[in-house]
Structure formats: structure tokens, C-alpha cells
Amino acid sequence: MSSPSKRREMDLMKLMMSDYKVEMINDGMQEFYVDFHGPKDSAYQGGVWRIRVDLPDAYPYKSPSVGFVNKIYHPNVDEMSGSVCLDVINQTWSPMFDLVNIFEVFIPQLLLYPNPSDPLNGEAAALMMRDRTAYEQRVKELLLMIPMFTEYCERYAKPEDVGTAQEDNSSDEELSEDGYASSDEAIAGEADL
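Residues numbered from 1 in each chain as written. Predicted model: local features only at pLDDT ≥ 70, side-chain atom pairs only at ≥ 80, totals over all residues. Heavy atoms only, no water.

> If you had to explain helix α4 (residues 122-130) to someone new, which residues and values would you point to?
Along α4, the residues that are buried comprise A124, A125, L127 and M128. Summarising the axial view, the buried residues of α4 lie within an arc of 165°, below the 170-degree limit, and thus occupy one face. Across α4 from its buried face, at more than 90 degrees, point the exposed residues M129 and R130. (Buried < 20%, exposed > 50% of the residue type's maximum accessible area, 1.4 Å probe, protein only. Helix = DSSP H or I, 4+ residues; strand = E, 2+ residues; numbered from the N terminus. Arc of directions from axis to C-beta.)

> Describe the packing of helix α1 (residues 4-16) against helix α3 (residues 99-112), and please don't skip the residues or the numbers.
The interhelical angle for the contact between α1 and α3, taken along N-to-C directions, is 40°, at an axis separation of 7 Å. Comparing the axis directions of α1 and α3 gives the class oblique. Where α1 abuts α3, its residues D11, L12, K14 and L15 lie against L99, V100 and F103. (Axes fitted to C-alpha atoms, helices over the stretch in contact; angles between N-to-C directions. Parallel < 35°, antiparallel > 145°, perpendicular 65-115°, else oblique. Contact = heavy atoms within 4.5 Å.)

> Describe the pattern of salt bridges, and please don't skip the residues or the numbers.
If you walk through the whole model with that rule in mind, you get 9 salt bridges. R52 is paired through a salt bridge with E31; the nearest N and O atoms lie 2.6 Å apart. Pair noted here: R52 is in strand β3 (residues 48-54) and E31 is in strand β2 (residues 31-37), with a separation of 21 residues, a long-range link. Looking at E31, the relative accessible area reads 26%, which means it is partly exposed. A salt bridge links E136 to R132, with the nearest nitrogen and oxygen atoms 3.1 Å apart. Of the two residues, E136 and R132 are both situated in helix α5 (residues 132-156); the distance of 4 residues between them amounts to about one turn of the helix. (Salt bridge = Lys/Arg side-chain N within 4 Å of Asp/Glu carboxyl O.)

> Break down the UniProt feature "active site" (unreviewed entry) in the protein chain for me, with residues and values.
Listed under "active site" (unreviewed entry) in the UniProt record, and renumbered for this structure, are C85. You can see C85 is positioned in the loop between β4 (65-68) and α2 (87-90). Once residues lying within four places of it in the same chain are set aside, the contact partners of C85 are N76, N90, L110, D118 and L120. (UniProt positions renumbered as here; feature names shortened; annotations may be inferred.)

> Lay out the nonpolar core in plain terms, naming residues and giving numbers.
General note: in soluble globular proteins, nonpolar side chains tend to be found buried as a group. Residues L15, F32, L99, I102, F103 and I107 are the most contacted members of the largest nonpolar core, which totals 39 residues. Of all elements in the fold, only α1, β2, β3, β4, α2, α3, α4 and α5 reach the threshold of two or more residues within this core. The dominant element in this core, judged by the number of residues it contributes, is α3, at 8 residues. (Core = buried A, V, L, I, M, F, W, Y, C linked by side-chain atoms within 4.5 Å.)

> How would you summarise the pairing of strand β1 (residues 21-24) if you had to cite specific residues and measurements?
Bridge count between β1 and β2: 4 bridges; the pairing is antiparallel. When the sheet's bridge partners are listed, M24 is paired in β2 with F32. What sits between β1 and β2 in their antiparallel hairpin is a turn of 6 residues, with N26 showing a positive phi close to 60°. (Pairing = 2+ DSSP bridges.)

> I'd like a rundown of a nonpolar patch on the surface, residues and numbers included.
A surface patch of nonpolar side chains, amounting to about 320 Å² of accessible area, comprises M13, M16 and M17. Taking the relative accessible area as the measure of exposure, M16 reaches 33% and is therefore partly exposed. (Patch = residues over 30% accessible without salt bridge, like charges linked within 9 Å, V, L, I, M, F, W, Y side chains within 5 Å. Areas by Shrake-Rupley, 256 points an atom, 1.4 Å probe, with all protein chains shown as cover.)

Okay, structure coming up:
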């Protein structure tokens, strides 16, 4: 049997070679983000979530920690922390599972078949049990807000950009009538007529 570090490396490479965008945190192989697309034929179809994965030193003998970074409305996901209530990850993990299983089987199953009787988000669970159509409508409404929220965070919520939001607003106001900034760079790509 291979060592946990070799197995971690193999599983991570397998995940990186799949259709998922993987972004490492720091230089190690124990913390990373995975961009996950909502499964087809679910209320979450069309959404993209960033999921943080933390692999313990004893992986694959000990389960990874998995949580949604951006907001998702789901009975089994804590709205504030993004932590996931999923038995197969939290309680019944086996070394036979790998990282690809999490993103191709476990999380899609969670989104396709929420369990409102074991909630981390009581509001979502109550709405789902009371009115499934209203629950799915709420999920879809929040899906529409994800791109706006993501764009806002990318533009204004970076630690290195603290205090520069005011500067960005002033440059937006300096656009000419045709939508271009009044600098030479903005019109450098225009074709000569």
C-alpha cells in the first residue's frame, strides 16, 4: 500500500486532470479550491461554486474537509461557514474513495437530493419541506446573484485593494460618451478606417 503523501499526490493529480479547475493554496498539496458546476437537472444547474478542500495528514485514511466558499442556499450547507453536512464525507469516509468521487458523486448527489430532515440551514430546510417549488425558485434567484457577487468580490474585496475602491470609481466616471476612457490605451486597439 502506498504512503498517504503519495496517495494524496495521485488523487490531486487525478482531480487536476479531470474537468475541474483546481487552484492550490500556498505551495503545499493539502489545501486547494475547486470550481464546481451545479449538476444538470437540478435547481443548481448553471451555478458555479468555489469549494475549499483541506486534506488532513492522514488522508486517505481520514476524510477531507470540504466547504463552499461562495454562498449556496441548501438545507445541508451552513449558510455562514459553507460547511457541508454529508455523511459519506463526515462519518462513513473510506480510503477507497478519492477526490474525484467527492466532485463527481458526493456533492452532485447532495445538490440533487437535499436532506431537509438533517439541516445545517434551517430556513432552507423548512422552505423545502413546506413548498418545494418556492424552495427551487429561491435557489434560482440566488443563482442569478452569484456572478454579480463574484464580480464585486473580485473587484473590491481583495486585501491588497483595501482603500483603492474610491480610485476605481473615479476612473469609471472618466469614460467618454462612447464608453472608452480618455487615455490612448483605450483606443489603441481600434482599427483605422
